[in-house]
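# Observations on chain architecture
In case you want the letters, here they are:
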Number of protein chains: 2
Amino acid sequence: MATTNIKEVAQLARVSVGTVSNVLNRPEIVSPATRERVFAAIRQLGFVRNEVARHLRVGRSRTVGLVVLDVANPFFADVAQGAEALADEHDTMVVLCNSAASPHRERRHLDQLEQQRVLGILITPVEADNPRLLQLAARGTPVVLVDRAAHGSQCSVSVDDRLGGRLAGNHLIEQGHRRVAFVGGPLSFQQVADRHAGITSAVEAAEGVVLETLSMPALSIAEGRAAGERVAALPPPSRPTAVFCANDLLALGFFQAMTAQGVRVPHDVAIVGYDDIDFAAASAVPLSSVRQPRDLLGRTAIDLLLEEVEEPDRHSHRQVIFQPDLVVRESSLRPGAST
Amino acid sequence: MATTNIKEVAQLARVSVGTVSNVLNRPEIVSPATRERVFAAIRQLGFVRNEVARHLRVGRSRTVGLVVLDVANPFFADVAQGAEALADEHDTMVVLCNSAASPHRERRHLDQLEQQRVLGILITPVEADNPRLLQLAARGTPVVLVDRAAHGSQCSVSVDDRLGGRLAGNHLIEQGHRRVAFVGGPLSFQQVADRHAGITSAVEAAEGVVLETLSMPALSIAEGRAAGERVAALPPPSRPTAVFCANDLLALGFFQAMTAQGVRVPHDVAIVGYDDIDFAAASAVPLSSVRQPRDLLGRTAIDLLLEEVEEPDRHSHRQVIFQPDLVVRESSLRPGAST
DNA sequence: TGATCTTTTTGAATCGTCTTAAGGCCTCAT
DNA sequence: ATGAGGCCTTAAGACGATTCAAAAAGATCA
């Protein structure tokens, strides 16, 4: 309410508002005596600079928006942490927005962020090729895609999901599995489609391996459980002996269903997840998973964004693609090996 | 760059800027013909209202800050979702800030939020009785404490953590355990201290039960694992037969260490966690946990905040306290019962 | 002491939008 | 034809900070 402004400070310190502003922004050009007087006034009044007015005048904020598919997924929490860490070094704030995989919510967030004239937006889009994203960029809000490769007209930071899928597939095949399942979300998610394509190529390169695909409506623990129940209900001869899940939440849910139904992991069914979230290693049977450099994704995204903002001339859109690793743990080791 | 403003729109539509503003904010008072002309101009230019300027003029934003201890903890993700859901209905945006339990980062976020003149702040403070929070409120930024009870001078939404601790304690004692351990974080976290006080009172009310306390530096999976390794290393006779962890991350880590060391859960050691995050139910041995109404916490916090902002006269600070439930699952059931 | 430089400080303009009082245009009744 | 009363629209003044040209104050030197 009683928001003190720069003018009151100026009055109290018996200087002009311009001087107060200088004290705030370039203290070195103000004489020490004056500077001290102004600081004293600021302290006395409890003055807090109005960032909104400043931003209006200066023309750009020090805030970037990060729109993720699911805040509750630790994968994104880690990406966010990486982004925040680097942003912090550049005196920039990251605001986290949750689209919850809903195009409508995503749209709302993008509108809000554009209206706020944020420095830029990092986003894992719900849908591929959203024209809104190009529009944003065209109107002056740079956009960096996260965890999804762009097609040249924008920056992106992603991980080679096909490779990830292939690594998982090859590993399972090497372990001797011939009936393999892929449990994924909607193939409209690029990540899911790519991981599926990866394991498909691995399966096709091998002899006599069959791949079955379960497409669940979401990438959550609950859906993983549902998929698991379906698989557990199959008679053992027709049941896949190995499952590759499109992310760790699915994998954990799937694993839970297996345990509940008395299907042993990895003895009866091997499982490989994706993302290598902390919970994967912490599972009772530690989960094999394809690891992505999560916080590097976040850091790099911020890096690209700031480069675009700060040196628009020297900047050209780049698509950074990281390589995933397969982390093999007990959940996918051939039963013989450990027993 | 080429940010079009209301003036250009006015020019193109051949009206004054005031009229454009009216079309944007009170379309009903503008004649349909003019209105349509203005809309057409807006579309043609791709005009996006500058929320910053608007905010400066109007004096308050439609954004509230939510500062949490750990974005990677699903508990907070759910609180955030609840808050966002209700905020959404009131056309308000929630920005999520991660203090990562660091007072320094918390301070930075609070400064930023105050400078941005947010509508208000929801926060799970790192330290008890932070005077900064009262200062914020005094200067006009309302604050609601989340997951921590306030002392009358501010609003808060919390869960009765002592009761939660007592529930966990009583349950373990009823299951026949006499050597019980509490695995917590720093007792400077109010939540940890209260949960500890709760189980302590349960233990004191019983005969011949001893409680041992392990205080870890953080409430994470990794620390839970560390605690578990310490406990597993004890000779069985002096090892506690039941463990109550201050949150589910600790519990999951602890459980993992047990499994890794060949200590059976619940046969050798029973475990009860806190928060009942999705991962708890999804653990290989489903984890008993004290459940808090997570998204209700978020919703209620927003509710209190908006009430304070919108009807300052009628508002008086309230401390809402919810009751936790104990969800009993396999991890804490007496071995005899299931074997 | 006055001239010349340098260091500080000032004051007005500006950012983009909202708001309010005032004015313009119509229609209608007198 | 005139004035009243409704609608709409306009124009000008905030909002709070930054910036920059220009003025003021000091410093230096002959």
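The name an unreviewed UniProt entry assigns to chain A is LacI family transcriptional regulator, from the organism Nonomuraea dietziae.

### Digging into the protein's contact with DNA strand C
The immediate surroundings of DNA strand C are formed by 23 residues, with Thr19(A), Thr34(A), Ile6(B), Arg54(B) and Arg57(B) found nearest. When atoms of DNA strand C within 4 Å of the protein are sorted by moiety, sugar and phosphate together comprise 70%. Between a phosphate oxygen of DNA strand C and a main-chain N or O atom of Asn50(B), the distance comes to 3.2 Å. One nitrogen or oxygen atom from the side chain of Arg54(B) is found 2.9 Å from a phosphate oxygen belonging to DNA strand C. Where the surface near DNA strand C is concerned, the elements lending two or more residues are helix H2 (17–25) and helix H4 (51–58) of chain A together with helix H2 (17–25) and helix H4 (51–58) of chain B. Element by element, the count of residues in the surface near DNA strand C is highest for H4(B), at 4 residues. Of the residues contributing to the surface near DNA strand C, the split by class is 7 nonpolar, 11 polar and 5 charged.

### Some details on the relation of the copies chain B and chain A
Once turned by 180 degrees and shifted 0.1 Å along the axis, chain B lies on chain A with an RMSD of 0.1 Å. Here the transformation between the copies is reduced to the relation of a two-fold axis. Interface overlap between copies is the fraction of interface residues in one copy that are interface residues in the other; for chain B against chain A it reaches 100%, indicating a shared surface.

### As for the interface of chain B and chain A
Each side of the interface is counted separately: chain B has 52 residues, and chain A has 52 residues. A buried area of about 4,700 Å², summed over both sides, lies between chain B and chain A, and 58% of it is on carbon and sulfur atoms. Looking at the side of chain B facing chain A, the largest losses of area belong to Met93(B), Arg117(B) and Phe279(B), adding up to 14% of the total buried there. Across the chain B-chain A interface, the total number found is 6 salt bridges. Salt-bridge contacts for Arg108(B) lead to Asp88(A); the nearest nitrogen and oxygen are separated by 3.3 Å. Counting every contact that joins chain B to chain A gives 14 residue pairs in polar contact (both at pLDDT 80 or more). Taken together, the elements giving at least two residues each to the side of chain B that touches chain A come down to H4, helix H5 (74–89), strand S2 (93–98), helix H6 (103–115), helix H11 (248–260) and helix H12 (278–281) of chain B. The element best represented in the side of chain B that touches chain A is H6(B), accounting for 7 residues. Among the residues making up the side of chain B that touches chain A, the classes are represented as 24 nonpolar, 16 polar and 12 charged.

So, how was this worked out
Residues numbered from 1 in each chain as written. Chains lettered and ligands numbered in written order. Predicted model: local features only at pLDDT ≥ 70, side-chain atom pairs only at ≥ 80, totals over all residues. Heavy atoms only, no water. Near = heavy atom within 4 Å. Polar contact = N/O pair within 3.5 Å; in protein donor to acceptor, adjacent residues only side chain to side chain. Helix = DSSP H or I, 4+ residues; strand = E, 2+ residues; numbered from the N terminus. Nonpolar A, V, L, I, M, F, W, Y, C, P; charged D, E, K, R; others polar. Least-squares fit on C-alpha atoms with pLDDT ≥ 70 in both. Contact = heavy atoms within 4.5 Å. Buried area = accessible area lost by both parts, 1.4 Å probe. Salt bridge = Lys/Arg side-chain N within 4 Å of Asp/Glu carboxyl O.

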